[in-house]
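# Fold and contact review
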Amino acid sequence: MINNRVPSGELAQKWSTYKSTCKLVNPANKRSIDIIVVGTGLAGASAAATLAELGYSVKTFCFQDSGRRAHSIAAQGGINAAKNYQNDGDSVYRLFYDTIKGGDYRAREANVHRLAEVSGNIIDQCVAQGVPFAREYGGLLSNRSFGGTQVQRTFYAAGQTGQQLLLGAYSAQMRQVALGKIIEHNRHEMLDVVVIDGKARGIIARNLVTGQIERHGAHAVLLCTGGYGNVFFLSTNAMGSNVTAAWKAHKKGAFFGNPCFTQIHPTCIPVSGDHQSKLTLMSESLRNDGRIWVPKKQGDNRKAVDIPEEERDYYLERRYPAFGNLVPRDVASRAAKERCDAGYGVGNSKMAVYLDFAAAIIRYGKTECTKTGIANADQATIIKLGKEVVKEKYGNLFDMYEKITGENPYEMPMRIYPAVHYTMGGLWVDYELMTTVPGLYALGEANFSDHGANRLGASALMQGLADGYFVIPYTIGNYLADEIRTPKIDTNQREFVEAEKAVTDRINHFINVKGKHSVDYFHKQLGKIMWDKCGMARNEKGLKEAIQEIRALRDEFWRDVKVPGGANELNPELDKAGRVADFLELGELMCIDALNRNESCGGHFREEFQTEDGEAMRMDENYMYVAAWENKGNNEWNLNKEDLIYDVIHPSQRNYK
């Protein structure tokens, strides 16, 4: 049994007790301790800034030219926090409960409660940094609703919350860069973790501009490298997002937790053809005001505005009246798929549903007329004023939709369909965010810890900043307090030399294969296998087929991939080759994990395990555990289980009706 290091005592007191009793590193000793932070999105930038502020010597690595390009900027809709500004009954407990329930009771209680506890501090921190959160007329911070909750707890900055939060964390990071406490290594990619005597002692990185392979030592390594959704090729992730850092850690001894738990986001612009390289997310915040529907008639080819109200099926409101359009993402995604599969889809592909703002525009317009004293306003005035309100709240999202589709969403309902978005699985970490390799930590989406089988909307930003600003500064000290006598890590040690050679040999293999097919050729094939057989729905037959198909594709990749250019230069195709090689191994493990879990829960929907009305059917007696997979080499894994024990919340069948 693996040790999750959750403190004893009452749940609500665990974190405060931990902080009061954990080991500390005094300021003089912090100056001589080196920490590597890989990835400088929200989790990485906040962690690097905070640790440097505390006095540690920090090195950061990111493969973009600036941390401001991290994919955290794509989280548009908002960030959750239990502030109860709306006085609508929110609390730390309710945020904790909603997160556990939204994750279909597959998350660790202690971690989730800690997340809810520190959520309010995140807002205070970001306001102090100057993050321009939306405000009410009286000056108080504004909130809106998100899926899986019945309160308004989501703080937002129009439709660019992630970008504004990242700029706050980036500013804090750059302050430490200016002070010399952080040394940046941009346009660098981590290609291996160096483990010496069982502890993480550094990384091997490649300078993506020159091709030079570099050794970097440290007393601790933090992986803040995001999720692995691009294993599906088409996803809402930036094209550069990858699993390589986490996968290298996995192959050096870090267990991988719940890899099959992938989130399918219900609010994305539908696929338009084989030419696409990524998908575009329409923020879940749109479901706060938009209504989702399909025609009641199968194969209805009329324009949306020509379909009368009585011939529309607002299927989420019909099936889940208590939550309506704000059911959790996994529920909304499966419901959209069900309607489209049944022949009610819209658009040319018939694989889309409508997201309609007409009712919201009228509602807001009438309110504005009342506020401004316009009596007996005509419909045109009401619509005009309503559009102005919607534009203020969601304008950049509407603009983005129109640029991509050529359709005006103020006049015509958006067309949306589910797409791969977030990965709840990731490196297994204990309560301290440490992996099974001592000194190696995983933060944010790179770890598995807080969301169970499904993440509630607006919780990704919350977890990333909670881990970086308020959790790791305490927990890493508990480890580093025993490392103060460890001298600066010597990168000439045998383990560094061997790791560098392995990285170089792998790169040379890609350059020298001279095969027939591009990296994208293999990536697209892998993505199709994953989406068809390990996507929104899975079954035993399909998963077994997928495993065999991925193995055959991987063999073909290694003997027939074509990577133009050289190793000692800027070579994006070479960068992609390494990432796709790791995806080809991860894809197999995801299917193995999905095949092993004979139940449906959250983002993992096994067709064999569903209720009569098509809802997920959990098997708590057999699968209430975290699947922590240990890499045994040669594409073989051993399953370790962390039992999930619920002392405060009693698991039940999720009900949003």
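Please read these numbers as outputs of a predicted model, since none were measured by experiment.

When you tally the buried positions in strand β1 (residues 34-38), you get five out of five residues, the bulk of the element. Covered by surrounding structure in β1 are D34, I36 and V38 together with I35 and V37, the residues of both alternating faces. Sheet analysis places β1 next to strand β2 (residues 57-62), joined by five bridges and oriented parallel. Within the sheet, the bridge partner assigned to V37 lies in β2 and is T60. Once the chain exits β1 it traverses helix α3 (residues 42-54) before rejoining the sheet at β2, and the crossover so formed is right-handed. Pairing of β1 with strand β9 (residues 220-223) involves four bridges; the strand directions are parallel. Looking across to β9, one finds that V38 is bridged to L223.

With that out of the way, let us pick up the pattern of salt bridges. Tallied over the full model, the rule gives 61 salt bridges. One salt bridge connects K541 with E545, and the closest N-O pair in it is separated by 2.7 Å. Placement of the pair is K541 and E545 together in helix α15 (residues 540-560), with a separation of four residues, close to one helical turn. Between R551 and E588 there is a salt bridge; the shortest N-O distance is 2.7 Å. Note that R551 is positioned in helix α15 and E588 in helix α16 (residues 572-596), a separation of 37 residues in sequence. What you see here is one network of salt bridges that share partners, running through D104, R106, D330, R334, R597, E599, R618, D620 and R654.

Formed by 187 residues in total, the largest nonpolar core has its most connected members in I79, L222 and Y441. Sort the elements by how many residues they give to this core and α16 lands first, with twelve residues. Three or more residues apiece are contributed to this core by two domains, here domain 1 (27-261 + 424-623) and domain 2 (266-420). Apart from residues lying up to four places away in sequence, L222 is in contact with I35, I36, V37, V38, A47, L51, Y441, L443, I472 and I476. Of all hydrophobic cores here, the second largest spans seven residues; its members include A304, I307, Y314 and V346.

Let us look at the side chain of D34. Within the secondary structure layout, D34 lies in strand β1. A polar side-chain atom of D34 sits 3.0 Å from a polar atom in the side chain of K488.

This paragraph deals with the sheet that holds strand β19 (residues 636-643). Hydrogen bonds along the backbone pair up the strands of a sheet, which may run parallel or antiparallel. Across the sheet, which stays open at both edges, the four strands sit in the order β16-β10-β18-β19 with antiparallel pairing between neighbours. Since the sheet does not close on itself, it has two edges, and those belong to β16 (426-427) and β19, each with one partner. Here strand β10 (residues 256-257) pairs with strand β18 (residues 625-633) via two bridges, running antiparallel. The partner of F256 across the bridge, within β18, is W629. Sheet strands in contact with α16 are β10, β18 and β19, and its direction is about 135 degrees off that of β18.

Moving on, we come to helix α10 (residues 358-371). Each α-helix winds once per 3.6 residues, and so residues spaced three or four apart point in a common direction. For α10, with 14 residues, the first-to-last C-alpha span of 20 Å sits near the 20 Å given by 1.5 Å per residue. Within α10, the full set of buried residues consists of A360, I361, Y364, G365, E368 and C369. Along α10, the residues classed as buried sweep out an arc of 165 degrees about the axis, all on the same side. Contacts from the buried residues of α10 go to α11 (379-405).

Before going further, it helps to spend a moment on the pairing of β2. Sheet analysis places β2 next to strand β5 (residues 182-186), joined by five bridges and oriented parallel. For F61, the partnering residue across the bridge sits in β5 and is H185.

The next thing to look at is the environment of D330. For D330, the position within the fold is in helix α9 (residues 329-344). Residue D330 is classed as buried on the basis of its relative accessible area, which comes to 5%. The sequence separation of D330 and D520 amounts to 190 residues, and the corresponding C-alpha distance is 29 Å. Within the local environment of D330, its side chain forms a polar contact with the side chain of N454, the two groups lying 3.2 Å apart.

Turning next to the domain arrangement of the chain. By the assigned domains, the chain splits into domain 1 (27-261 + 424-623) and domain 2 (266-420). Distance between the C-alpha centres of domain 1 and domain 2: 31 Å. The interface is formed by 37 residues belonging to domain 1 together with 35 residues belonging to domain 2. Considering only the surface of domain 1 that becomes buried against domain 2, L234, T236 and M536 emerge as the three largest contributors, covering 21% of it. Counting across the interface, domain 1 meets domain 2 through one salt bridge. The partner of E615 in a salt bridge is R319, and the shortest N-O contact between them spans 3.1 Å. Tallied by class, residues from the side of domain 1 that touches domain 2 come to 15 nonpolar, 17 polar and five charged.

A word on the sheet that holds β1. Reading across the sheet, the five strands line up as β5-β2-β1-β9-β17 and stay open at both edges, with parallel pairing between neighbours. The open sheet has two edge strands, β5 and β17 (440-442), and neither has a second partner. When strand polarity is set aside, the average angle formed by the axes of neighbouring strands in this sheet is 20 degrees. Packing of α3 onto the sheet brings it into contact with β1, β2, β5 and β9, and relative to β2 it is tilted by some 165 degrees.

Where helix α13 (residues 494-513) meets α15, the closest approach of the two axes is 8 Å, and the angle between their N-to-C directions is 75 degrees. Relative to α15, the element α13 is oriented roughly perpendicular. On α15, the residues touching R506, H509, F510 and V513 of α13 are F557, W558, R559 and D560. Residue composition of the contact of α13 with α15, by class: four nonpolar, one polar and three charged.

Rules of the game
Residues numbered from 1 in each chain as written. Predicted model: local features only at pLDDT ≥ 70, side-chain atom pairs only at ≥ 80, totals over all residues. Heavy atoms only, no water. Buried < 20%, exposed > 50% of the residue type's maximum accessible area, 1.4 Å probe, protein only. Helix = DSSP H or I, 4+ residues; strand = E, 2+ residues; numbered from the N terminus. Pairing = 2+ DSSP bridges. Right-handed = clockwise from strand over helix to strand, strands pointing away. Salt bridge = Lys/Arg side-chain N within 4 Å of Asp/Glu carboxyl O. Core = buried A, V, L, I, M, F, W, Y, C linked by side-chain atoms within 4.5 Å. Domains from an automatic or database assignment. Contact = heavy atoms within 4.5 Å. Polar contact = N/O pair within 3.5 Å; in protein donor to acceptor, adjacent residues only side chain to side chain. Axes fitted to C-alpha atoms, helices over the stretch in contact; angles between N-to-C directions. Expected span 1.5 Å × (residues − 1). Arc of directions from axis to C-beta. Buried area = accessible area lost by both parts, 1.4 Å probe. Nonpolar A, V, L, I, M, F, W, Y, C, P; charged D, E, K, R; others polar. Parallel < 35°, antiparallel > 145°, perpendicular 65-115°, else oblique.

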